[in-house]
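Fold and geometry: a report
So you can see what is in the structure, the chains are spelled out below.
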Amino acid sequence: MTTLLSRADAEELRRSWDVRQGPFLPHRDEAFAVLADAALGRRALDLAGGTGAIASRLPNAEVTLLDVDPVLLVIARAALGDRVAVVAADLSAPGWGAGLEFDAVVAGTALHCFAPDRLRALYGEIHAVLAPGGVFANADRMPVDAERAPESNDGMPGWHEWWAKALAHPALAEAARDRVDGKSADFYPPASWHVEALRAAGFDNVEVRWRRDDTAVVVARRTR
Ligand SMILES: C[S@@+](CC[C@H](N)C(=O)[O-])C[C@H]1O[C@@H](n2cnc3c(N)ncnc32)[C@H](O)[C@@H]1O
């Protein structure tokens, strides 16, 4: 018999995930508040949404959370309930956006996983899933000084312990078996790289909407 993940356990895993992500994206709460403000519109997509830190901040939208990790998807489903549609998809190849349309796409602490060529292509695919007038917003480390590019989050305190605890949970055993531990590209270009790549992908009104130290939010609009 399949053991279901209780909402309380999912919330606890989500809360402890947020605690561990905090040092990895300094000023995370402020950056995600900027993302939520930018994500105006009825239909919003939380791209590579993990356990739902951003999706949970979009109470007035029809939210879809997309991620590749089966364990994180189970936690997100149990923690967020029916309000959020949780879908499995792999952003490392084109095709994930077929048939999808949104008014807003947001990504937080996620797009550094992709190497430059893939991220350029992904920006085009994000443009394609936005309705005209739709907005894309990305919060991540975008170092002012390239020398300060962050280390991989593999070395982050508590990270391995979080995964060990999650993977040992009986309700996550089945999802854990399907998990492929993908390698992040750890690509942290400056904000100007994102601005240029988004313009090249067809976006207009591209701007660095917010910055604090090396954490920044870039916002772009599909006008056509
Ligand atoms: C550092 S986590 C951030 C998650 C969430 N946005 C947050 O801030 O808590 C990076 C996320 O990217 C997802 N991810 C990495 N590669 C992916 C891929 N190829 N397709 C979809 N999601 C991916 C991971 O599963 C993970 O949930």
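Residues numbered from 1 in each chain as written. Predicted model: local features only at pLDDT ≥ 70, side-chain atom pairs only at ≥ 80, totals over all residues. Heavy atoms only, no water.

1. Brief notes about helix α7 (residues 191-200)
Our working rule: Each residue is placed in one exposure class: buried if its accessible area under a 1.4 Å probe, protein chains only, is under 20% of its type's maximum, exposed if it is over 50%, and partly exposed if it falls in between. Helix numbers and strand numbers start at the N terminus; a helix is a DSSP run of H or I with at least 4 residues, a strand a run of E with at least 2. What makes two residues a contact is simply this: any of their non-hydrogen atoms within 4.5 Å.
Turning to α7, its buried residues are Ala191, Trp193, His194, Val195, Ala197 and Leu198. On its buried face, α7 is in contact with α4 (116-129), β5 (130-141), β6 (204-212) and β7 (215-221). A positive phi of about 110° marks Gly202, the residue just after α7.

2. Regarding the nonpolar core
To be explicit about the condition: Take the buried residues of types Ala, Val, Leu, Ile, Met, Phe, Trp, Tyr and Cys, join any two whose side-chain atoms come within 4.5 Å, and each joined set is a nonpolar core.
Grouped together as the largest cluster of nonpolar side chains are 31 residues, with contacts concentrated most on Leu47, Trp96, Tyr123, Ile126 and Phe136. Counting only elements with at least two residues in this core, the list comes to β1 (43-47), β4 (102-108), α4, β5, α7 and β7. Excluding residues within four positions of it along the chain, Trp96 makes contact with Leu45, Leu47, Leu66, Ala89, Asp90, Leu91, Arg118, Leu122, Glu125, Ile126 and Val129.

3. Quick word on the pairing of strand β2 (residues 62-67)
How we decide: Here, any two strands with at least 2 DSSP bridges between them count as paired. Orienting the strands away from the viewer, one traces the path from the first strand over the helix to the second; a clockwise path indicates a right-handed crossover.
Most of β2 is tucked away: 5 of the 6 residues are buried. With 5 bridges joining them, β1 and β2 adopt parallel strand pairing. Note that in β2 the partner of Arg43 across the bridge is Glu62. One ladder, built from 5 bridges, connects β2 with strand β3 (residues 84-88); its direction is parallel. Its bridge partner being in β3, Leu66 is matched across the sheet by Val87. A crossover connection joins β2 to the parallel β3 through helix α3 (residues 70-80); in handedness this β-α-β unit is right-handed.

4. Describing the packing of helix α1 (residues 7-21) against helix α5 (residues 159-168)
Here is the rule: In this description, a line fitted to the C-alpha atoms serves as the axis of each element, helices being fitted only across the stretch in contact, and the angle between N-to-C directions of two axes falls anywhere from 0 to 180 degrees. Should an angle lie under 35 degrees it is considered roughly parallel, over 145 roughly antiparallel, and from 65 to 115 roughly perpendicular; all remaining angles are considered oblique. Handedness of a crossing follows from how the near helix is turned relative to the far one, being left-handed for an anticlockwise turn of less than a right angle and right-handed for a clockwise one.
Following both chains from N to C, one finds α1 and α5 inclined at 165°, their axes separated by 10 Å at the closest point. In terms of orientation, α1 lies roughly antiparallel with respect to α5. In this structure, the crossing between α1 and α5 has a hand that is left-handed. On α5, the residues touching Glu12, Leu13, Ser16, Trp17, Arg20 and Gln21 of α1 are Trp159, Trp162, Trp163, Lys165 and Ala166.

5. Focus: the environment of Asp204
With respect to the secondary-structure elements, Asp204 resides in strand β6. Separated by 93 residues in the primary sequence, Asp204 and Leu111 place their C-alpha atoms 20 Å from one another. Once you skip the residues sitting within four places of it in the chain, Asp204 turns out to touch Ala220, Arg221, Thr223 and Arg224.

6. Topic: unusual backbone geometry
Positive phi, normally seen in glycine, also occurs at Asp186, with a value near 45°. Relative to the assigned elements, Asp186 resides in the loop between α6 (173-177) and α7. Accessibility expressed as a relative area gives 24% for Asp186, which makes it partly exposed.

7. Some points on the pattern of salt bridges
Close approach of charged atoms lets side chains of opposite charge pair. In plain terms, the rule: When a carboxyl oxygen of Asp or Glu is within 4 Å of a side-chain nitrogen of Lys or Arg, the pair counts as a salt bridge.
A complete count under the given rule lists 14 salt bridges for this structure. With its nearest N and O atoms 2.9 Å apart, the salt bridge here joins Arg120 to Glu196. With Arg120 in helix α4 and Glu196 in helix α7, the pair connects residues that are 76 residues apart, well separated along the chain. Of the residues examined, Glu196 reaches a relative accessible area of 39% and is grouped as partly exposed. Among the ionic contacts, a cluster of salt bridges with common partners joins Glu12, Arg15 and Lys165.

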